[in-house]
Every structure is written in C-alpha cells, then in structure tokens.
Amino acid sequence: MDPEPPAAKMTRDLVESKKHEFTWKPQPILSKEITGDVILEKSFVAVLKDKKLISRAIQSLAKCLPIPQHLKRCSGLRIYLAPINKFQGDSHKLKTFLAEKDFDVDSIEDDLEIVNNASVAPRTKSQAAQALEHWPVNFHPDIDLEELIGGSIFEQEQLASIEACMRLAMAAAKEAAVGSAECNGSALIVDPESGSVLAIAASSMDKHPMWHASMLAVDLVAKSQGGGAWSLTTSDRSRDAREGTCKRKHPDDGQALCYPHSLAKLLDIPRSCSLNLAKTNRKKEKRSSPSDKTGPYLCTGYWAVLLREPCPLCSMALLHSRVSRIFYGAANSVTGILGSKAALHSVPGLNHRYQVWSSVLEDECARSLEQCRTIHC
Amino acid sequence: MDANAWMDKALHEAQISLKRGEVPVGCLFIYKNEIIATGSNTVNETKNATRHAELNCIDDVLVYCQENNLNSKEVFTKIDVVVTVEPCIMCAAALHQLRINSIIYGCANDRFGGCKSVFEVSKVYDSKINVVGNVKGVEAMQLLKDFYKGTNPNAPETKKGRKKKLDNN
Ligand SMILES: [Zn+2]
Ligand SMILES: [Zn+2]
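Just so it is clear, the structure is predicted and the values come from calculations on it, not from any experiment.

Colleague: What is the right way to look at the overall build of chain B in this model?
Modeller: Helix and strand content of chain B: seven helices and five strands. Mapped from its N terminus to its C terminus, chain B presents α and β elements in the order α-β-β-α-α-α-β-α-β-β-α-α. Relative to its 169 residues, chain B shows a buried fraction of 57%. Partitioning the intrachain contacts of chain B with sequence separation of at least 6 by distance along the chain shows that 58% fall at a separation of at least 24. Taken as a whole, chain B presents about 7100 Å² of accessible surface, with 47% of it coming from carbon and sulfur.

Okay, here's the thing in structure tokens:
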C-alpha cells in the first residue's frame, strides 16, 4: 500500500477530530451592491379617498405611469405614482399630467405625499427589510446569496479541506516562494469534483518576472491537459503539444504538477488524495462541470487557493482561466484587487466571474508571507 | 517609423494568428527603434488562457536579453509596446509591473480592457505609462469581427452561441 499522502492525512485528521474548532472563517468578498444599504429615491404617492376606488386607480395608472417591477403599487389607501424627479419635484405638474391622462383626480386627496422607496430591486433580505420600512417591495430572497452572506455556505468537511489546501500553500511558500512587494506566495489549483490537487506553485520571480504563483499554477494545469507554454516540468511535453504529437488528455500519472520541483519531494500528493471540497448536499450547489464529454477546458470549475490576495496580473489570469472560486489567506494592500484596492470580480461588464473568500488562516498566512524571500522587481 | 507604420506590422501579425484559429491580436515590443519581439495569441495552442500576444512578447524579450547579454529589467523600461487591441487587465498589469515606456494600441477592448475600458490598472501601480489608443482601430476591430463571425473551435459546445467578442483576450 502507498504511504498516505499528506494532504489526505491532514484533511482526515482535521475532519476526524470532531472537536476541531476553526480559528478562521472564510469572508466572502462581495460587491457594494450586495453589502451596501438599499438605495432609496423619493417618489410621489397619492392617498385614495375610498378603498373601493383602488382597482380603478390601479388600472388607470398602469397605462400612464407604469410601476417598476420591484415596487408594489399600493400600501393601504396610498398608491404609488412616480419618482419626484420625473416631475421636477412639482406635485401640481404630476396632477395636471394625471388629469390629462383621464385619471380621476377627484378620487385622491388634494395633497400628494412623498415617500422613500427602493430605487432598484433589493438584492438581499437585509436590503429588502430596509426598503420595507418605507414602501412595500416584491422580493424573493436568493438562497445561495443569503448563505454566502451568512457565512454558512461551507460544510465542516469543506472547511477542513480548504484549511488543508491552505496549509499546503503555506508549506510551498516556505519551501520556495520568491516574489516582490507587489505579488508573492503560492497557489494551488484544485478540482472540487474529484477532490484532487492539480497544481501547486510557489512564486519564482527571481527566474522570470511573470512567474507569479498563480501564473505558474495555471500553466501547470494547461500542461496537465497536454498544453502549457513554459518549460516547468522535467519531462516537458509542451513542445510535443505545440507540434500536435501529444494526444493524451491527462499525460501525467495522477501526480499534482509542481513548480519549482522542490515542492514535489516536499508535497507528495497523488491526484487521488481526495479532499472533501464538494458539498455532500449536492443539489444545493450550482456546478459548472469542468469535465463533460468535451474534456476539461482551461480551469473551468476549478478552485484556486492562494497564500496572498492576488495582484491584477494573477487575478485576471485566474479569471481568463475560468476558475470558479478563489480562497486567499493574507490581504495584499500593495496591489490586491480582490478586496484590498478593488474587487475585480464585481466590476461590471466582466464575464466568467468567480466567487472570492478571504481570511483563510489569515494570521498564519501573513506570517509565512513575511518569511518569503522578496526581491525588488 | 511612426505609430501607423508599426501598427501595420502588428496588424499583419494579427492576421497570421487569425489563420491559426487564435483571437487575432498582434503585438510588437520596440527597443531603440527596433522590433525585438513579435507576438500573437497562443491561447488555443497552449490550452492556457493567459497566453496573450503581450505575454508571448515578454518571454521573447527575456530570451533576447539573455542572448545579447542585456539587463532585462533595464531593457523593459525602454520598450514601447504596439498592440492591435487595448491590453487586457492582465497584460496591462504585466506591462505596468515591468515599467515599460509606452503603449500604443488599436481598438478598445470592451470586455477586458485594462487601460481604460473595463478597469484602470494604472490606478493600482505607481508607474506612469504613456498610453495612446485608436491607432488604426478600425482595422484591428475588423479582424476581431472576422474571428467572431466564425466560432472559437476550442471552446465547449455550450459556450459557442454566446461568444461575441474578445472571449479569449
Ligand atoms: Zn501576481
Ligand atoms: Zn491580455
């Protein structure tokens, strides 16, 4: 029997010690549209003289002042008309407009009221609750999003496996990382479906200015799929791949690919070491399967575990590569754009988004980062 | 040579990569008025989504410096980059980290542009790079349109229908 690989052992030890108290909690990095307060705007509201007039008023308004989908038309006898901006804040203008549109102006009280209402649909329960204090909204909570915000998205076993991955990342960084103030540390690419580590890399910027950990890890995955651009493995197949002689989907023997090679002897991790990264309660998790019948495509569906928040180069490399989730330990106040200086994954217009969590064993990661060699790039 | 003449050469490089089934982006790295690296996308060839023209040129400059016994760090600071499409956020970050001298690009990159279109990478770095856009932008955009009229043969089936522009860049 093979000796037990360290990642599997670490995970099992972590999971089996039922008393294991996690000293960390993954912090989701979310956009302001989700974490921020609901955005309010002022609108005119009319008060109907009689309950019986409601349905006629609704019908009549539907034609001349359609209501945004997320707002309810009525709140008791009060009926929503329009944002005050639309009528330059002038209630007389609005009433004249209504009269011209054959709305029965006599059915409402003379004075219009002004309310604050949600200007766009609330995204979260808490935003919906804020909106409701002012004007009723139509709101259907997004269960996945609420789980994400509440921090209850991961099961114990998943947390244990993420911790095991981060401990590997720390070991890799300690062994080999050489980076700059802008980017340093180590990166793992894992397949949550199979629970295997596909690639481990430590920043090697002394050898090449682009050899940031994530850049190396992504190229190692490409190599495992018969591609790759850099000469990173001893039995380098990238030349064969370029010439189209390498037909195998998985040319390697189940071993996670490493760079630099010193990581291999340190971290002997067969692909089959089985981390428990996927949810046991499967129907809950939306998955984009990385390995349908067309085979793996880039890093689709894979997760990245990083010692430190990535720089723009690495952040975008992982986005191009279509990883679905990123976990990092230490924040990067110099160039980090997944929480520190920006949140790239919430920039409007980008496709292939990933989800991001920070603060995985943050203090320990920050300490191992301090021990990494830093060069001036 | 002036910017237009350089761009013609970059566009020629992009045309060649279009024939190879890659997103047609061409790039030159110019040092002391001489092209020391020429590159295009090799994303499909390498199965690595980060192999953009700019990164391929960076690799070539490192080889050039090794062969000519030059300090690559210094050489990069004197390089002018000519590229047919606005560098993406990743490539813009790479160019900022290398503190290259200037960037001249053709058309904007609405999907991933890192100079101005989607995310301003320069805000993250202290370096100030002189950036000039829209040099023969129409020609550069036409090549991209030609590419996306077909489909990316290496993307999974389900993705093909949605591909419009710059998916691989
Ligand atoms: Zn980086
Ligand atoms: Zn790029």
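Once the structure has been displayed, the description carries forward.
Colleague: Can you walk me through the interface of chain A and chain B in this structure?
Modeller: Accessible area lost upon the coming together of the parts is a frequently used measure of interface size. Contacts between chain A and chain B engage 42 residues on the former and 37 residues on the latter. Carbon and sulfur atoms make up 63% of the area that chain A and chain B hide from each other, which totals about 3200 Å². Where chain A meets chain B, there are one salt bridge. With a shortest N-O distance of 3.3 Å, A:Glu182 and B:Arg99 are connected by a salt bridge. Along the contact surface separating chain A from chain B lie eight residue pairs in polar contact (both at pLDDT 80 or more). Listing elements by their share of the side of chain A that touches chain B, those giving two or more residues are α8 (213-224) and α11 (312-320) of chain A. Looking at the side of chain A that touches chain B element by element, the count peaks at six residues for α11(A). Class assignment for the residues of the side of chain A that touches chain B results in 23 nonpolar, 14 polar and five charged.

Colleague: Looking at this structure, I do not really get the nonpolar core. What am I missing?
Modeller: Proteins that are soluble and globular tend to have nonpolar side chains buried together. Grouped together as the largest cluster of nonpolar side chains are 98 residues, with contacts concentrated most on A:Ile189, A:Leu344, B:Phe29, B:Ile58 and B:Phe119. Apart from residues no more than four positions distant in its own chain, B:Ile58 is found in contact with A:His208, A:Met210, B:Phe29, B:Phe76, B:Ala94, B:Leu95 and B:Leu98. Formed by 42 residues, the second largest nonpolar core is a distinct cluster that contains A:Phe154, A:Ala169, A:Ala176 and A:Phe327.

Colleague: Honestly, the pattern of salt bridges in this entry has me stumped. Any pointers?
Modeller: Oppositely charged side chains are able to pair whenever their charged atoms sit close together. Tallied over the full model, the rule gives ten salt bridges over all chains. With its nearest N and O atoms 3.0 Å apart, the salt bridge here joins A:Glu163 to A:Arg167. Here A:Glu163 pairs with A:Arg167, and both are found in helix α7 (residues 156-176), just four residues apart, close to one helical turn. Given a relative accessible area of 3%, A:Glu163 falls into the buried group. Between B:Lys123 and B:Glu120 there is a salt bridge, with its nearest N and O atoms 3.8 Å apart. Its relative accessible area of 35% is what places B:Glu120 among the partly exposed residues. Linked by salt bridges that have partners in common, A:Glu163, A:Arg167 and A:Glu364 make up one network.

Colleague: Would you explain the side chain of B:Asn56 in this entry?
Modeller: Residues and elements named next belong to chain B. As for its position among the elements, Asn-56 is in helix α3 (residues 53-67). Residue Asn-56 is classed as buried on the basis of its relative accessible area, which comes to 12%. Separated by 2.8 Å, the side chains of Asn-56 and Arg-51 make a polar contact. Here Asn-56 is in contact with Ser-40, Asn-41, Thr-42 and Arg-51, once residues within four sequence places are set aside.

Colleague: Hey, could you run me through the coordination of the zinc ion (ligand 2) in this one?
Modeller: Each pair of donors in an ideal four-coordinate tetrahedral metal site encloses 109.5 degrees, whereas pairs in an ideal six-coordinate octahedral site enclose 90 or 180 degrees. The zinc ion (ligand 2) binds to the protein through B:His52 (ND1), B:Cys88 (SG) and B:Cys91 (SG); the donor distances cover 2.0 to 2.3 Å. Sequence positions of the residues that donate to the zinc ion (ligand 2) give the spacing H-x35-C-x2-C.

So, how was this worked out
Residues numbered from 1 in each chain as written. Chains lettered and ligands numbered in written order. Predicted model: local features only at pLDDT ≥ 70, side-chain atom pairs only at ≥ 80, totals over all residues. Heavy atoms only, no water. Helix = DSSP H or I, 4+ residues; strand = E, 2+ residues; numbered from the N terminus. Buried < 20%, exposed > 50% of the residue type's maximum accessible area, 1.4 Å probe, protein only. Contact = heavy atoms within 4.5 Å. Areas by Shrake-Rupley, 256 points an atom, 1.4 Å probe, with all protein chains shown as cover. Buried area = accessible area lost by both parts, 1.4 Å probe. Salt bridge = Lys/Arg side-chain N within 4 Å of Asp/Glu carboxyl O. Polar contact = N/O pair within 3.5 Å; in protein donor to acceptor, adjacent residues only side chain to side chain. Nonpolar A, V, L, I, M, F, W, Y, C, P; charged D, E, K, R; others polar. Core = buried A, V, L, I, M, F, W, Y, C linked by side-chain atoms within 4.5 Å. Donors = N, O, S within 2.8 Å, 3.2 Å for Na, K, Ca; no water.

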